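Overview (structure and organization)
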Amino acid sequence: MILVLRALGVGDLATAVPALRGLRAGLPGRELVLAAPAWLAPLAALTGAVDRVLPTTGPDRIRWTGPPPEVAVNLHGRGPESHRALAAVRPGRLLAFRNPSAGHLDGPAWDADEHEVRRWCRLLHAYGLPAHAGDLALRRPAAVGVPAGVTVLHPGSKVPAKRWPADRFAGLARALTARGHRVVLTGSADERALAARVARDADLPPTAVLAGRTGLTELAALVADARVVVSGDTGVAHLATGYRTASVVLFGPVPAARWGPPPDRRRHLVLGRVEVAGSDPDSTGSGGVGTHPTLDAIGVDEVVAAVAEVERVSGAVAA
């Protein structure tokens, strides 16, 4: 049995898909258990690599009661806390980045500037296991009654600095609606008020606000069949990558080189001026409380043009 720790969010799980598939291929015939938040179970099933989810909200909360796993894999972080948590279940072997303070001298060195997908693939490669960074595709959910062919705007983020200003999302919604897009707004239950504000300012009907009204399966289905997705650097962007749905991702303050879609996929376009002078992850811009300057520098017209470009590419080639 393989126990894998990745107790994080949607984007984190989506970026770990190639590594999870590599474990499945390299260690066949074994049950693969993913220690992750219980609410991620529907997405874990869509990876096609996970047999079951062990509800886990953090590395200090692994409630393992079975016999020691044959292999434990740390896809959560560099340690030491996560290393020690996995070592405590007494696996036959621990696959993790080298961390002397956790007593783990095996494994490759951590690279803070590495792309998140490639990081976990490199970890597996160091242990002689396969993993392909481009293997990001997710299974399509069964029909769940969500609209198809809509344009998904996702104005929220758990990190305020990653939020493009709400008034610009409203301006974008107006511009796209005028161009024939059927716009819907997604988000968590906590972001419903934000989505409602964008809808109101964009003259969209209340039915366009899907924030807080979709579970993870419904959100995945919505993105899988969407016309285009526009969001910040958050989980919805990674779903668009997993379903090869045309997308525009507004990046900042974290550079796309660490979390962005594969640069060779032209149907996913990244916007974000990470070179803005004096910018840092804790600063704010004029566009709204918490908005980072790298996002504040992106105008509505630029995003409208980007949407047109990813649609053109998507319609012309299998990018």
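A short tour of the structure in this document, coming up.

About the criteria used
Residues numbered from 1 in each chain as written. Predicted model: local features only at pLDDT ≥ 70, side-chain atom pairs only at ≥ 80, totals over all residues. Heavy atoms only, no water. Pairing = 2+ DSSP bridges. Helix = DSSP H or I, 4+ residues; strand = E, 2+ residues; numbered from the N terminus. Axes fitted to C-alpha atoms, helices over the stretch in contact; angles between N-to-C directions. Buried < 20%, exposed > 50% of the residue type's maximum accessible area, 1.4 Å probe, protein only. Contact = heavy atoms within 4.5 Å. Phe/Tyr/Trp six-rings, centres within 6.5 Å; stacked < 30°, edge-to-face > 60°. Polar contact = N/O pair within 3.5 Å; in protein donor to acceptor, adjacent residues only side chain to side chain.

Pairing between sheet strands relies on hydrogen bonds along the backbone, with the strands arranged either parallel or antiparallel. Read across the sheet, five strands follow the order β3-β2-β1-β4-β5 without closing on themselves; strand pairing throughout is parallel. Lying at the two open borders of the sheet, with one neighbouring strand each, are β3 (52-55) and β5 (93-95). Averaged over all pairs of adjacent strands, the angle between their axes in this sheet comes to 25 degrees, without regard to strand direction. Note: strand β2 (residues 32-36) against β3, four bridges, orientation parallel.

Another point: the side chain of serine 231. Position of serine 231 among the secondary structure elements: in strand β8 (residues 228-232). A residue is classified by how much of its surface remains accessible, and serine 231, at 1% relative accessible area, is buried. Discounting chain neighbours no more than four positions away, the residues touching serine 231 are His154, Val236, Ala237, Val248, Val249 and Leu250.

Look at the link from glycine 79 to proline 80: it is a cis peptide, with omega at 15 degrees. Turning to its location among the elements, proline 80 is positioned in the loop between β4 (71-74) and α4 (81-87). That bond from glycine 252 to proline 253 is cis: its omega, 0 degrees, falls within 30 degrees of zero. Its place among the elements puts proline 253 in the loop between β9 (247-250) and α10 (256-259). With a phi close to 60 degrees, aspartate 203 is a non-glycine residue in the positive phi region. Residue position: aspartate 203 is located in the loop between α7 (192-201) and α8 (216-224). Positioned with a positive phi, arginine 244 is a non-glycine residue whose angle comes to about 55 degrees.

Looking now at the packing of aromatic side chains. Summed over all chains, the structure comprises four aromatic pairs. Measuring from centroid to centroid gives 5.7 Å for phenylalanine 97 and tryptophan 120, while their planes differ by 65 degrees, and the two rings are edge-to-face. Of this pair, phenylalanine 97 sits in the loop between β5 and α5 (116-126) while tryptophan 120 sits in helix α5, placing them 23 residues apart in sequence. For phenylalanine 97, a relative accessible area of 0% corresponds to the buried category. Looking at tryptophan 120, the relative accessible area reads 0%, which means it is buried. On the numbers, 5.9 Å between centres and 70 degrees between planes, the contact of tryptophan 110 with tryptophan 120 is edge-to-face. Of the two residues, tryptophan 110 is situated in the loop between β5 and α5 and tryptophan 120 in helix α5; the sequence distance between them amounts to ten residues. Residue tryptophan 110 is classed as partly exposed on the basis of its relative accessible area of 24%. The rings of Phe97, Trp110 and Trp120 are connected pair by pair, giving a single aromatic cluster.

Attention shifts here to the sheet that holds strand β10 (residues 268-271). Pairing within the open sheet is parallel, and its five strands lie in the order β7-β6-β8-β9-β10. The strands lining the two open edges of the sheet, one partner per strand, are β7 (183-185) and β10. Adjacent strand axes in the sheet meet at a mean angle of 15 degrees when their direction is disregarded. For strand β6 (residues 151-154) and β7, the ladder comprises three bridges, and the chain directions are parallel. Residue pairing for β7: leucine 153 is matched across the bridge by leucine 185.

So, on to the pairing of β2. Of all the five residues making up β2, five are buried; the element is thus mostly covered by neighbouring parts of the structure. Burial along β2 is two-sided: the face carrying Leu32, Leu34 and Ala36 and the face carrying Val33 and Ala35 are both buried. As paired elements, strand β1 (residues 2-5) and β2 share four bridges and run parallel to each other. In the strand pairing of β2, leucine 3 is matched with valine 33.

The next subject is helix α9 (residues 235-242). Summarising burial for α9: eight of the eight residues are buried, a large majority. Within the sequence span of α9, burial applies to Gly235, Val236, Ala237, His238, Leu239, Ala240, Thr241 and Gly242. Once α9 ends, the next one or two residues include arginine 244, with phi positive near 55 degrees.

With that out of the way, let us pick up the environment of histidine 238. When you line up the elements, histidine 238 lands in helix α9. Spatially, the C-alpha atoms of histidine 238 and leucine 295 are 18 Å apart, while their sequence positions differ by 57 residues. Aside from chain neighbours lying at most four places away, what touches histidine 238 is Gly11, Ala14, Thr15, Asp233 and Trp259.

As a further point, take the environment of arginine 6. Secondary-structure assignment places arginine 6 in the loop between β1 and α1 (10-15). For arginine 6, a relative accessible area of 2% translates into the label buried. When the C-alpha positions of arginine 6 and glutamate 114 are compared, they lie 18 Å apart, and in sequence the two are 108 residues distant. Polar contacts involving the side chain of arginine 6 include one to the main-chain carbonyl oxygen of aspartate 12, which spans 2.9 Å. Polar side-chain contacts of arginine 6 include one of 3.1 Å to the side chain of threonine 15.

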